[in-house]
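# Topology and contacts: notes
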Amino acid sequence: MKPSHSMKQPPAAPPAAIPCSPDVVVEQPEYFFAAYAEMASANYDVNAEWTIATRYFNPHFFINRTTEGVDLDRDQMVMQSPNGLCIVSFAPTHPIYAHAARTGATVASVTYTELASTNVMRKARNNVMAKRKRVARDLPPGGTGDYTFFPHVDIGEVTLSDGSVWPFAAAVHGTILSLNDAAANGGEPQIVLDHALNRGFLVIIKPTAYELRQPVYLPLAQFAAVRPALDVSRFPDLVGPRDTNEEEEEEEERAKQKVQEAAAASKKSTADGSSDAGSEAGGDE
């Protein structure tokens, strides 16, 4: 009979935890944004979503004014991606935040105007961008026949649980690519306040001009000068926008490293060959 230690044992079940020592067991870690955001906000008093968003987007602040230049105190934020598309949301200085904090009201609904809802660009079957047909003369004031929205035109409103209504504008001169269906129809209206810098966007717009110019759009420092009540310490420039293409730089670095490794290998091979030739010459003598 074979020794018991050589008997075939059934496969062991995968461990449920990571053993560190006979006396210490560490649970499997879970990484998710909600925990990071809570940790960052609690320990560092920063807007965690801002620190992430500014790595991939260039932030601008839009001060909503009438055509006569009157400040409506309805600031919005425009996060522009490297390809030029603009993600519009409420700015942290928008009075809806102070009102909700003071009254305890939550977001009851997010609705869009008919003009915005019926003029969202869509993909046609031939995979080219097409617009829903609509005669220009039937459009209400604010849009044009080519479905371009102007920054000051209201495209929707947020209604809080206390009945207060807060309209919001397009904020960017351009064409609407997407509305927030999750907020308007998906049962998650609160995200427009709780997660304004990602899932809680109001609208995504393709601008008619790539560059968002001042004084209509302000960077954080200049915006804070106009809105001194803004606590800029909660919006640190930890990583900043991606001014350069980091992927290309990393690829170039990898290519350079491969060239260096190949050169080193070639040098080593040449040295080994010279050593072997010397050995053979010594043996012949």
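Please read all numbers here as calculations on a predicted model, not as lab measurements. (Residues numbered from 1 in each chain as written. Predicted model: local features only at pLDDT ≥ 70, side-chain atom pairs only at ≥ 80, totals over all residues. Heavy atoms only, no water.)

## As for the overall build of the chain
Basically, it comes down to this: Runs of E in the DSSP output that reach at least two residues are strands. Runs of H or I that reach at least four are helices, and both are numbered from the N terminus. Exposure classes here rest on a 1.4 Å probe applied to the protein chains alone. A residue is buried below 20% of its type maximum, exposed above 50%, and partly exposed in between.
Regarding its fold elements, the chain presents eight helices and 13 strands. Residue burial in the chain is summarised as follows: out of 285 residues, 33% are buried.

## Re helix 3 (residues 95–103)
Each full turn of the α-helix corresponds to 3.6 residues, which orients residues three or four apart in the same direction. Heads up, the rule is: Summarising the geometry, the arc corresponds to the directions from the helix axis toward the C-beta atoms. Any two residues having at least one pair of non-hydrogen atoms within 4.5 Å are treated as being in contact.
Buried residues of helix 3: Ile-96, His-99 and Ala-100, and no others. Summarising the axial view, the buried residues of helix 3 lie within an arc of 95 degrees, below the 170-degree limit, and thus occupy one face. The outward face of helix 3, more than 90 degrees from its buried face, is lined by the exposed residues Ala-101 and Arg-102. Tucked into the core, helix 3 has its buried residues touching strand 5 (86–90), strand 9 (154–160), strand 10 (165–169) and helix 6 (191–194). Two residues or fewer past helix 3, Gly-104 is found with a positive phi of approximately 80 degrees.

## As for the side chain of Ser-89
Rules: What qualifies as a polar contact is a pair of N or O atoms within 3.5 Å, subject to a donor-acceptor requirement within protein and to the restriction that residues adjacent in sequence count only when both atoms come from side chains.
Within the secondary structure, Ser-89 sits in strand 5. Overall, Ser-89 belongs to the buried group, its relative accessible area being 1%. For Ser-89, the side chain forms a polar contact with the main-chain oxygen of Ala-196, separated by 3.3 Å. Residues in contact with Ser-89, not counting those within four places in the same chain, are Gln-76, Met-77, Ala-196, Leu-197, Gly-200, Phe-201 and Leu-202.

## Points about the sheet that holds strand 12 (residues 203–207)
Put simply, the rule is: Any two strands between which DSSP finds at least two bridges are classified as paired.
Taken together, the six strands give an open sheet; going across it, the order is 11-12-5-4-3-13, and neighbouring strands pair in antiparallel fashion. Here the strands that pair on one side only, and so sit at the sheet edges, are strand 11 (174–179) and strand 13 (217–218). Note that strand 5 and strand 12 share three bridges and pair antiparallel. Of the residues in strand 12, the one forming a bridge with Ile-87 is Ile-204.

## Focus on the sheet that holds strand 10
Selection rule: Note on geometry: axes are C-alpha line fits, over the in-contact stretch for helices, and angles between N-to-C directions span 0 to 180 degrees.
Read from one edge to the other, the open sheet built from three strands follows the order 6-9-10, with strand pairing classed as antiparallel. Each edge of the open sheet is held by one strand with a lone partner, namely strand 6 (107–112) and strand 10. Sheet twist, expressed as the mean angle between neighbouring strand axes with direction ignored, is 20 degrees. Two strands pair when backbone bridges link them, and strand 6 and strand 9 are joined in this way by five bridges, in the antiparallel orientation. The partner of Val-110 across the bridge, within strand 9, is Val-158.

## A look at the pairing of strand 12
For strand 12, a buried count of four out of five residues is recorded, marking the element as mostly surrounded by other parts of the structure. Looking at chain direction, strand 11 and strand 12 are connected through five bridges and run antiparallel. Note that in strand 12 the partner of Ser-178 across the bridge is Ile-204.

## Some remarks on the nonpolar core
Across soluble globular proteins, you tend to see nonpolar side chains buried next to one another. Counted only if it meets this: To form a nonpolar core, buried Ala, Val, Leu, Ile, Met, Phe, Trp, Tyr and Cys residues must be joined to one another through side-chain atoms within 4.5 Å.
Counting 34 residues, the largest nonpolar core has Val-78, Val-158, Ile-176 and Val-192 as its most contacted members. If sequence neighbours within four positions are ignored, Val-78 has contacts with Asn-58, Pro-59, His-60, Phe-62, Cys-86, Ile-87, Val-88, Ala-171, Val-172, Leu-212 and Tyr-217. Among the nonpolar cores identified, the runner-up in size contains 14 residues, and Ala-53, Met-79, Leu-197 and Phe-223 belong to it.

## Things to note about the pairing of strand 10
When a strand is regular, its side chains alternate between the sheet's two faces. Looking at chain direction, strand 9 and strand 10 are connected through five bridges and run antiparallel. Its bridge partner lying in strand 10, Val-158 is registered against Trp-166. Where strand 9 hands over to strand 10, the hairpin turn is made up of four residues, of which Gly-163 adopts a positive phi near 95 degrees.

## Considerations on unusual backbone geometry
Despite not being glycine, Asp-73 has its phi angle at roughly 55 degrees, a positive value. Tracing the chain through its elements places Asp-73 in the loop between strand 3 (58–62) and strand 4 (76–80). For Asp-73, a relative accessible area of 38% gives the class partly exposed. Within the chain, Ala-171 stands out as a residue other than glycine whose phi angle is a positive 70 degrees. As for its position among the elements, Ala-171 is in the loop between strand 10 and strand 11.

## Digging into the environment of Asp-73
The sequence separation of Asp-73 and Ile-63 amounts to ten residues, and the corresponding C-alpha distance is 7.3 Å. Not counting residues up to four positions away in its chain, the partners in contact with Asp-73 are Asn-64, Pro-95 and Arg-227.

In short, shape yes, function no, at least from these values alone.
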